Amino acid sequence: MIEVQNLEKHYLVAEKEAGIKGSLQSFFKRQTKTVKAVDGVSFQIASGEMVGFLGANGAGKTTTLKMLSGLLHPSAGVARVAGFVPFERRSSFLKSITLIMGQKQQLMWDLPALDSFLVNQAIYEISDSDYQATMREFTELLELEGVLKKQVRKLSLGERMKCELAAALLHRPKVLFLDEPTIGLDVNMQVKIREFIREYNQRFNATVILTSHYMADVTALCKRIIVVDKGKIIFDGDFSGLLETASPIKIIGLQLERQLSATDLQSYGTLSSLEGLNATFRVARSEVSQRSAKMLSELPIADITIEDPPIEEIIGQLFSRAEVRA
Amino acid sequence: MIRKAKALFTAWLSHMTIYRAEIIIWMLAGMLPLIMMTVWIGKAQAEGGSTGGFSSSQFAAYFLAAWMSGQMTVAWVAWDMSFAVRQGTFSVKLLRPINPFWEYFMQHVTERFVRYPFVFLVVVVGVLLVPGTVLVKQLEHVVVYFFAIILAFIIRFLIAYCIGLACFWLENATALDELYFVLSIMLAGTFAPLEFYPAWLRGLLEYLPFPYIIYYPAQILTGQLDWTQMARVLAVQLLWVGVFFVVYQIMWRLGRKQYGAVGA
Ligand SMILES: Nc1ncnc2c1ncn2[C@@H]1O[C@H](COP(=O)(O)OP(=O)(O)OP(=O)(O)O)[C@@H](O)[C@H]1O
Ligand SMILES: [Mg+2]
């Protein structure tokens, strides 16, 4: 569904030193610098797959999505989405994709969302019966009842985001590029949007690329993740694979039956915290079963949990390792 | 296509009615020909009834026609695009299966329908205020004017659109837009009928699009041109439409590669 080979995007950025001197200098000789926002990225995504794009601020995620949706002209490499070259902006290509960027409005500010939907219906040439069916589904899934007829500028951020989402999916695209779709929303609303995306993916077998700084979005929706750093892919694979390759440790949490001292616990592994009856250890992945067995047999334990470190931490480690290699 | 046009029309019409206050302010800003009309009529009266062969009522007819032509060809698309490109909303337009050109075009066409009743009213009042003013001598001229003003609008829209496309290269195209605005005010016939311009400038203006946007349509409406002259004006207008359409196409092709899709 999506094929990307050695995709690159270079931005030419004017550099100017602050102050009058800098202005004069740049007037006579423009200093420019090339920023490689995306630097030779290749991947393939099958139809119906949901892939999470992870990476720090400025890693090149949005730039990649903009190239895949035909907004930006790639500096090098090729991208094919649903069999089309995105930059050509073929009508049938644009009808089969959508790009949702934060809270970028495609809704007309001073009118009710419904009016914008009708414009989209016409522009995307959606038949009345399809339009009604989709609207019924979306109204139910996103709880849009009563929201659609209010002026868009009077909606809350969450309500507006739901309408944006509905407007962006009204033509039932097969490929979804979601750039931080839950940014700025409360946890409840994040969960709702996430559920909606999952539902949409299942109903229409849609292919989804999702970027988010809320790891929960990615862990909840995507089996496969691609981690980008400074325009390059540093990991592409299953979540479980990421945990194994990137994080050699697991976290064992104990709830003790009675108070123990740090010295009592030291021999069981690297003690990372001890608060009252709760203790956590960091233990090498390969030693988890042996160590936990030892704890269970020797310590007064009320409860035990074995978990992966938070995904943020794993990604962080991945970045610092990429740093070392570079 | 008709369906799309209809939907855009409906949406923009409700948008425009919200902004009717702004629309009236823009119109007042376009009042210059009416102000110049009083200036020239004053001059004619001071000089014993006519100046440079124009009587008060002839000035009135010319400037009312010029004002109406200016009003019917207004295009603010350069400003809109410049804003949209910087805000990142242009990207939203680019994602839709319709060329943004048509979206802006429809927006402008729709606005004419809100604007025209006001324009018509002002022209009627103007004609009544200056005794002896004959705006239209023959009905045929209205028909030719209708086509001429449509072509004039398309020329002006295309120029504005090309200026707007310049923001793919420049960070901000409003300076360019202002330059064009000043040039068009001076060269299109807003200050005076071109008869009052120095001969060398008039000769030069024939090779520029400006007089074909305001001066010539006004001349057609007020019946100052014969049939061959009117045919020539329409032909030259068509030519300019062609020229700017090609320029637009080229700028669109090249500019899209430059487009940075900033914002978001
Ligand atoms: N239009 C532009 N002109 C110049 N530089 C740009 C432009 N757009 C992006 N960049 C630069 O390219 C790099 C990648 O930006 P991009 O928006 O793709 O990052 P991102 O991974 O989406 O980050 P974030 O998580 O903050 O959204 C950044 O260094 C950014 O400053
Ligand atoms: Mg981004």
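This text goes with the structure placed above it.
All of the points below concern the structure found in this document. Everything numeric here is computed off the predicted structure, so don't read it as measured data.

Within chain A, the secondary structure is distributed over twelve helices and 13 strands. With the principal axes as the frame, chain A shows a C-alpha extent of 70 × 60 × 40 Å. In chain A, 71% of the contacts between residues at least 6 apart in sequence involve partners at least 24 apart. Just so you have it, chain A exposes about 15,600 Å², and 50% of that area is on carbon and sulfur atoms. Each charge sign in chain A was given a centre, from 39 positive and 39 negative side chains, and these centres are 7 Å apart.

The next point concerns the site of ligand 1. All names here are of chain A. Surveying the vicinity of ligand 1 reveals 14 residues, the closest of which are Asn57, Gly58, Lys61, Thr62 and Thr63. A distance of 3.3 Å separates a nitrogen atom of ligand 1 from a polar atom in the side chain of Tyr11. With respect to ligand 1, the side chain of Thr62 contributes an N or O atom lying 2.5 Å from an oxygen atom. Expressed as a share of its isolated accessible area of 640 Å², the protein-covered part of ligand 1 is 69%.

All names here are of chain B. Per the counting criterion, the structure on display carries 39 aromatic pairs over all chains. Where Phe9 meets Phe113, the ring centres are 5.4 Å apart and the plane angle is 85 degrees; that geometry is what we call edge-to-face. You can see Phe9 sitting in helix α1 (residues 2-18) and its partner Phe113 sitting in helix α7 (residues 100-129), a full 104 residues away along the chain. In this structure Phe9 comes out as partly exposed when scored by relative accessible area, which is 26%. An angle of 45 degrees between the planes, with centres 6.0 Å apart, marks the rings of Phe153 and Phe157 as tilted. With Phe153 and Phe157 both in helix α8 (residues 139-165) and four residues apart, the pair spans about one turn of that helix.

This brings us to the interface of chain B and chain A. Of the residues lining the interface, 30 residues belong to chain B; the matching set on chain A comes to 35 residues. Counting each side, the surface lost to burial between chain B and chain A is near 2,700 Å², with a carbon and sulfur contribution of 62%. Counting across the interface, chain B meets chain A through zero salt bridges. Scanning the region where chain B abuts chain A turns up eight residue pairs in polar contact (both at pLDDT 80 or more). Of all the elements in the fold, those that place two or more residues in the side of chain B that touches chain A are α1, α6 (89-94) and α12 (227-258) of chain B. Per element, the largest residue contribution to the side of chain B that touches chain A is eight residues, and it comes from α1(B). Split into classes, the residues belonging to the side of chain B that touches chain A amount to 16 nonpolar, eight polar and six charged.

All right, on to a nonpolar patch on the surface then. All names here are of chain B. Residues Trp169, Leu170, Leu176, Leu179, Phe181, Val182, Leu183, Met186, Phe191, Val246, Ile250 and Leu254 make up a contiguous nonpolar surface patch of roughly 1,100 Å² in combined accessible area. Going through the elements one at a time, α9 (174-187) and α12 are the ones with two or more residues in the nonpolar patch. Considering every element that reaches the nonpolar patch, the biggest residue donor is α9, with six residues. Note that Phe181 resides in helix α9.

Cut-offs applied
Residues numbered from 1 in each chain as written. Chains lettered and ligands numbered in written order. Predicted model: local features only at pLDDT ≥ 70, side-chain atom pairs only at ≥ 80, totals over all residues. Heavy atoms only, no water. Helix = DSSP H or I, 4+ residues; strand = E, 2+ residues; numbered from the N terminus. Contact = heavy atoms within 4.5 Å. Areas by Shrake-Rupley, 256 points an atom, 1.4 Å probe, with all protein chains shown as cover. Lys, Arg positive; Asp, Glu negative; His and termini not counted. Charge placed at Lys NZ, Arg CZ, Asp CG, Glu CD. Near = heavy atom within 4 Å. Polar contact = N/O pair within 3.5 Å; in protein donor to acceptor, adjacent residues only side chain to side chain. Phe/Tyr/Trp six-rings, centres within 6.5 Å; stacked < 30°, edge-to-face > 60°. Buried < 20%, exposed > 50% of the residue type's maximum accessible area, 1.4 Å probe, protein only. Buried area = accessible area lost by both parts, 1.4 Å probe. Salt bridge = Lys/Arg side-chain N within 4 Å of Asp/Glu carboxyl O. Nonpolar A, V, L, I, M, F, W, Y, C, P; charged D, E, K, R; others polar. Patch = residues over 30% accessible without salt bridge, like charges linked within 9 Å, V, L, I, M, F, W, Y side chains within 5 Å.

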